[in-house]
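Coordinate inspection notes
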Amino acid sequence: MITLFNNRFSSKLHSLGSFRDLVDAVRTATGPVDVVGPRGSLSALVCGTAWCKTGGQALLVTPTEHEAETLIRDLRLFEVEAELLPWWQTAPYSPVPANSPLFGQRVRALQRLASGEAAVTVCSLRSFLARIPPPDYLLSLGHRVRVGQPLDPVATAEMLVRNGYSRVPRVSVRGEFALRGEVLDVFMPGYEEAVRIVFEFDEVEDVRLFDAATQASVGKLREVTLLPTREVVWDEARLQQLEQFMQQEAAAGGGPSQVLDDLKTFQTADGEETWYAAAFERPAIVVDSLQTGATVFLLDSERMLSQSEATFKEYQTIYRQQRLRGSAPRPESLLANLDDALEKLPRRIQFHALADSASRNRAITFSYDPPRSYFGNINFFKEELAGYEKAGYDVYIFADTDAQTHRLEHLLADFSVTIIPESISSGFALPDLRLVVIQENEIFGRRKRVPRSVRHAESAAIDTFVDLSPGDHVVHVNYGIGRFLGIQRIAAGGNERDYIHLEYAGSEFIYIPIEQVNLIQRYIGHGGTPPRLDTIGGRGWENRKSKVQKSVEDLAERLIALYSRRKRSHGYAFPPDTEWQLDFEASFPYDETDDQLHCIEDVKADMERPVPMDRMICGDVGYGKTEVALRAAFKAVTAGKQVAFLAPTTILVEQHYENLEERLRSFPVKTAMLSRFVSRAEQKRVLAQVAGGEADIVIGTHRLLQKDVLFKELGLLIIDEEQRFGVKDKERLKELRTSVDCLTLTATPIPRTLHMSLLKIRDMSILNTPPHNRLPIETHIEAFSEEKVAEAIRREIARGGQVFYLHNRVETLEQVQLFLRRLLPEALIEVAHGQMRGSDLEDIMHRFIQGAFQVLVSTTIIENGIDIPNVNTIIIDRADMYGIAQLYQLRGRVGRSGRAAYAWLFYPDRRALSEIAMKRLQIISDYTELGS
């Protein structure tokens, strides 16, 4: 389908005079060529098609790294094989993690560029200006292996070790090699598959690619170039040049010379990439690696100058701070001047977003209409399509997923449009060609794009419990709470048996035969306070058992009565989905996972049965539980019923309300909110609307459970973060309306609820599959350090992100804010906590979501459900004071986009931690994989 589109578009484009002028300019121009018009995905199409027509080598430069990544996706979609030269993605002078894949990706891109293998290369302005190793040095790093040629395995292994590889028995991760007999396996950084070289009598017989996980071959090669793990190999020559550079810096007033003489120490030191340019007498820039006759395309060139000036100022500011801590190369040693770089490019194609009348007369101009949004208004969109059809336009719609493709085919069955199941960055229109390209997010509203390079992450639920460790508290059914000391083998009566050794109050000990292990279970308490041990033979344990048994019997009687009434009662059978339902679901700004689709089917099937639904959706934080609930709510509303949406915190209620308002603005659905953010007068108005049936969906905190909240036609109750509500809270609404469908959402179900689900008293659906672009959260647990805090925040800000700083003491929040402002004077920092006035807290959160400031210092009010994709670093102060569920929920506030996310858990330096606090931190550190 995409090939057909490319062929049609290419033939149409060739009929444009402006495109023919561009092709001629690429072939013959001797100076700069100005182009006005194409932006976004159209610029990728125009550049890619022009390159296909002219051949040779091409370099495409964008102002930012994000635009470079978007451009490379579009080029590959349009079947142009392009190589991305990535930037380091950190703040200047900040070290890149030693295991970062960026090292390998840069080596691959630079080597292919220097050798001429990469016909089309894409980079951001920072990569374009950065000083890099000279091209002849880059080419010298590659070791070419070809079938039929000799190979010295010992010398090759030594070369790989010098180039940063680790020798292992079997390769599993990038940067490893294995030499077994007459087989050499190498997993090069920057590549998806490993390389297997088979040789006999020192002659290469076979070269093939294989999957490192399965060891299965996936393709054959005639030759391969073995690349180092870094773009600079620190041999003696490079270290001598570095020492000479630092002596020159010191002589020029750059401070004392600090040279690392130990080669191994320097190779493994964080931040070595800062010194790459210093390892050469004459470092190069990217354009020095281009072949003669290559073409450079500068996209959105007006922004290049301002971006380059801002980049230099950023480097100079951080350089002055870095000099206080030690040696650092000057910004001039790391970046070239933009004008100097452009002087090396007499032949370049400059794309302008703006052009004055003087330049427009001599520029190549394309008639171009930018993408437009229909904000989910399907009727308006259909009217526009009818107008396009009448005017004779060809209309192409790009849909991100197969599910969206099927929805669009159903919605637009009456129109002659071509729907392509591929992801494009943006749409455009070319009036001269009578052609319109639409990205489906422009129809339904904002959509989050999923990088195709991110593989689907597998995850599985934990199916075993953690074993008991000596010192853990346990409960014996007859003796009460004791301390587990271990298992001992004791000889008695001529026989040896294993006994469980337990300690009780008064230093009394008992030994339980291992066969009676069923009488013992782990103690599950709340908070960090250890329980008091029971006394053997005392009445305390028996009294507690009696009280609990009475409470359990009362609660069980109520629950059994309630659920039997629900099973016997006749609920409302909701009708099948309408076309509105399809429109609403199409506006979901992410790709549904398979588990999400199954959960949605389960919920809808329950709702369409004449029995009250009671289903629990269980899934990890950020796995899409809320969307399942929103679709159920919309289904209920379109059937004429009201929906009560219960959430534990005011901030989460506010976020759900705004999300629903945005999703429902194209539909005649009335939403309302009840929380302390809402004034008394507004609450009275909302209560009247709820009672009169004017409000379709009511979102609220515990306020929804008060007796003055009366519904006219309640059809569905949704409980978000179910574990945060008490049993009495949740059952009250269900007792009031035993015929109401009930849907609960939770990431960590409480044992009672889980047990009822397993007993089939309640139905349960599980979300096991993470979203397609979700990455594990990199978790660091360390003693508190100002340097670590500053580094973590600066790294996130440098890539355009935001930071949560958690400090759970309202009294000292402002002191923490002052501390961070002193530590990071360049950052914008605000404070939020639950004791603020509702309007102030609302204003703070709105501004944070809009990116008005970079760091939010807050209490645990952000714990539940807060979804801000641009926040991908969380710093938790005094992490030893939190419970495991809290830490897990808090860590889940980040990593909700395609970016790598970081969680920093700090505990007090030089202070002993309690045993239970240490165990919590160890568990959070161990379980970082998705779904764990």
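Residues numbered from 1 in each chain as written. Predicted model: local features only at pLDDT ≥ 70, side-chain atom pairs only at ≥ 80, totals over all residues. Heavy atoms only, no water.

**Regarding the overall build of the chain**
Assigned secondary structure in the chain consists of 30 helices and 37 strands. The proportion of buried residues among the 932 residues of the chain is 53%. Carbon together with sulfur atoms contributes 51% to the accessible area of the chain, which is approximately 42,600 Å² in total. (Helix = DSSP H or I, 4+ residues; strand = E, 2+ residues; numbered from the N terminus. Buried < 20%, exposed > 50% of the residue type's maximum accessible area, 1.4 Å probe, protein only. Areas by Shrake-Rupley, 256 points an atom, 1.4 Å probe, with all protein chains shown as cover.)

**Things to note about the packing of aromatic side chains**
This structure, assessed with the given rule, holds 24 aromatic pairs. Note on tryptophan 88 and tyrosine 276: the rings are 6.3 Å apart at their centroids and 55 degrees apart in plane angle, and the pair reads as tilted. In this pair, tryptophan 88 sits in the loop between strand S3 (82–85) and helix H5 (102–115) while tyrosine 276 sits in the loop between helix H10 (263–268) and strand S13 (295–298), placing the two residues 188 residues apart along the sequence. On the basis of relative accessibility, which here comes to 9%, the residue tryptophan 88 falls in the buried class. Residue class for tyrosine 276 comes out buried when judged on its relative accessible area of 2%. A ring pair is formed by phenylalanine 584 and phenylalanine 634, whose centres lie 4.4 Å apart and whose planes are at 5 degrees; its orientation type is stacked. (Phe/Tyr/Trp six-rings, centres within 6.5 Å; stacked < 30°, edge-to-face > 60°.)

**Things to note about the packing of helix H3 (residues 40–54) against helix H4 (residues 65–77)**
Packing of H3 against H4 leaves a shortest axis separation of 9 Å and a crossing angle of 55 degrees. Here H3 lies oblique to H4, going by the angle between them. For H3 against H4, the interelement crossing comes out right-handed. Contacts from Ser41, Ala44 and Gly48 of H3 reach H4 at Leu71, Asp74 and Leu75. Of the residues contributing to the contact of H3 with H4, the split by class is three nonpolar, two polar and one charged. (Axes fitted to C-alpha atoms, helices over the stretch in contact; angles between N-to-C directions. Parallel < 35°, antiparallel > 145°, perpendicular 65-115°, else oblique. Left-handed = near helix turned anticlockwise from the far one by under 90°. Contact = heavy atoms within 4.5 Å. Nonpolar A, V, L, I, M, F, W, Y, C, P; charged D, E, K, R; others polar.)

**Description of the environment of isoleucine 876**
Position of isoleucine 876 among the secondary structure elements: in strand S36 (residues 871–876). Judged by its relative accessible area of 0%, isoleucine 876 is buried. In the structure, isoleucine 876 is positioned 30 residues away from phenylalanine 906 in sequence and 6.1 Å away in space, judged by C-alpha atoms. If sequence neighbours within four positions are ignored, isoleucine 876 has contacts with Leu806, Tyr882, Leu887, Leu890, Trp904, Leu905 and Phe906.

**Quick look at unusual backbone geometry**
Even without glycine at this site, aspartate 300 takes up a positive phi of about 55 degrees. Mapped onto the elements, aspartate 300 comes out in the loop between S13 and helix H11 (302–323). The backbone of arginine 878 sits at a positive phi, close to 55 degrees, despite the residue not being glycine. On the secondary structure map, arginine 878 appears in the loop between S36 and helix H29 (884–891). Since its relative accessible area comes to 27%, arginine 878 is described here as partly exposed.

**A few points about the nonpolar core**
Ranked by internal contacts, the top residues of the largest apolar core, which has 56 residues, are Leu59, Val61, Phe128 and Trp234. Contributions of two or more residues to this core are made by strand S2 (58–62), H5, helix H6 (125–129), helix H7 (135–141), helix H9 (236–251), S13, H11 and helix H13 (338–343). Considering every element that reaches this core, the biggest residue donor is H5, with six residues. Setting aside chain neighbours within four positions, we find valine 61 in contact with Cys123, Ser124, Leu125, Phe128, Val296, Phe297, Leu298, Leu299 and Met304. Ala29, Leu299, Ile349 and Ile364 belong to the second-largest nonpolar core, a separate cluster that totals 49 residues. (Core = buried A, V, L, I, M, F, W, Y, C linked by side-chain atoms within 4.5 Å.)

**Describing the pairing of strand S27 (residues 671–674)**
Burial along S27 is two-sided: the face carrying Thr671 and Met673 and the face carrying Ala672 and Leu674 are both buried. Summarising the sheet, S27 and strand S28 (residues 697–700) pair through four bridges and their orientation is parallel. Paired with leucine 674 across the bridge in S28 is glycine 700. As for the winding sense of the linkage, the β-α-β connection from S27 through helix H23 (residues 680–692) to S28 is right-handed. (Pairing = 2+ DSSP bridges. Right-handed = clockwise from strand over helix to strand, strands pointing away.)

**Looking at a nonpolar patch on the surface**
On the surface, Leu485, Phe509 and Tyr511 cluster together into a nonpolar patch covering about 260 Å² of accessible area. Along the polypeptide, leucine 485 turns up in strand S21 (residues 480–492). (Patch = residues over 30% accessible without salt bridge, like charges linked within 9 Å, V, L, I, M, F, W, Y side chains within 5 Å. Salt bridge = Lys/Arg side-chain N within 4 Å of Asp/Glu carboxyl O.)

**Some thoughts on the pattern of salt bridges**
For the structure on display, the rule yields 41 salt bridges. As a salt-bridge pair, arginine 112 and glutamate 83 come within 2.5 Å of each other at their nearest N and O atoms. Of the two residues, arginine 112 is situated in helix H5 and glutamate 83 in strand S3; the sequence distance between them amounts to 29 residues. You can call arginine 112 buried: its relative accessible area is 18%.

**Focus on helix H20 (residues 594–607)**
With 14 residues, H20 should reach 20 Å at 1.5 Å per residue; the first-to-last C-alpha distance of 20 Å fits that figure. Within H20 the residues assigned to the buried category are Asp595, Gln596, Cys599, Ile600, Val603, Lys604, Asp606 and Met607. Buried residues of H20, viewed axially, fall in a sector of 165 degrees; they line one side. In H20, the exposed positions that point more than 90 degrees away from the buried face belong to Asp594 and Glu601. (Expected span 1.5 Å × (residues − 1). Arc of directions from axis to C-beta.)

**Let's talk about the side chain of serine 675**
Looking at the element boundaries, serine 675 is found in the loop between S27 and H23. Given a relative accessible area of 1%, serine 675 falls into the buried group.

**Here's the deal with the side chain of histidine 476**
Relative to the helices and strands, histidine 476 is located in strand S20 (residues 473–476). When residues no more than four places from it in sequence are discounted, the contact partners of histidine 476 are Tyr504, Ile512, Leu519, Ile520 and Trp541.

**Considerations on H23**
A rise of 1.5 Å per residue sets the reference length of H23, with its 13 residues, at 18 Å; its end C-alpha atoms lie 18 Å apart and thus fit the reference within 8%. Where H23 is buried, its residues contact strand S26 (642–646), S27 and S28. One or two residues past the end of H23 sits glycine 693, with phi positive at roughly 80 degrees.

**Looking at the sheet that holds strand S15 (residues 364–365)**
In spatial order, the strands read S3-S4-S2-S13-S14-S1-S15; together these seven strands make up an open sheet with parallel pairing. Looking at the sheet topology across the chains shown, the edges are occupied by S3 and S15. Where strand S1 (residues 33–36) lies against S15, two bridges are found, and the strand directions are parallel. If you follow valine 36 over to S15, its bridge partner there is threonine 365. Sitting on the sheet, H5 touches S3 and strand S4 (120–124), and the angle it makes with S3 is about 125 degrees.

**Comments concerning the state of the cysteines**
In this structure the tally under the stated criterion is zero disulfides. With no disulfide partner, cysteine 618 has as its closest neighbouring cysteine sulfur the one in cysteine 599, 9.6 Å distant. (Disulfide = S-S within 2.5 Å.)

**A word on a negative patch on the surface**
On the surface, a cluster of negative charge is contributed by Asp152, Glu158, Glu182, Glu200, Asp202, Glu203 and Glu205. Position of glutamate 203 relative to the elements: it lies in strand S10 (residues 203–210). Relative accessible area serves as the criterion here: at 40%, glutamate 203 is assigned to the partly exposed category. (Lys, Arg positive; Asp, Glu negative; His and termini not counted. Charge placed at Lys NZ, Arg CZ, Asp CG, Glu CD.)

**Looking at the confidence of the model for the chain**
With 85% of its residues at a pLDDT of 70 or more, the chain has an overall mean of 82. This stretch, residues 255–265, has a pLDDT under 50; its non-local contacts, to residues over four places away or in other chains, come to 19 contacts. (pLDDT = per-residue confidence, 0-100.)

**Here's the deal with the packing of helix H2 (residues 17–28) against H3**
Packed helix pairs are characterised by how far apart their axes lie and by the angle those axes make with each other. Two elements in contact, H2 and H3, have axes separated by 10 Å at closest approach and are oriented at 55 degrees. Our classification of the angle between H2 and H3 gives oblique. As H2 runs across H3, the sense of the crossing is right-handed. Along its contact with H2, which presents Phe19, Leu22, Val23, Val26 and Arg27, the element H3 presents Val46, Thr49, Ala50, Lys53 and Thr54.

**Concerning the sheet that holds strand S30 (residues 741–746)**
Spatial ordering of the open sheet is given by S27-S28-S26-S29-S30-S25-S31, a layout of seven strands whose pairing is parallel. Looking at which strands have only one partner, the edges of the open sheet turn out to be S27 and strand S31 (763–767). Shown here is a sheet whose adjacent strand axes are inclined to one another by a mean of 15 degrees, direction ignored. With five bridges joining them, S26 and strand S29 (residues 714–719) adopt parallel strand pairing.

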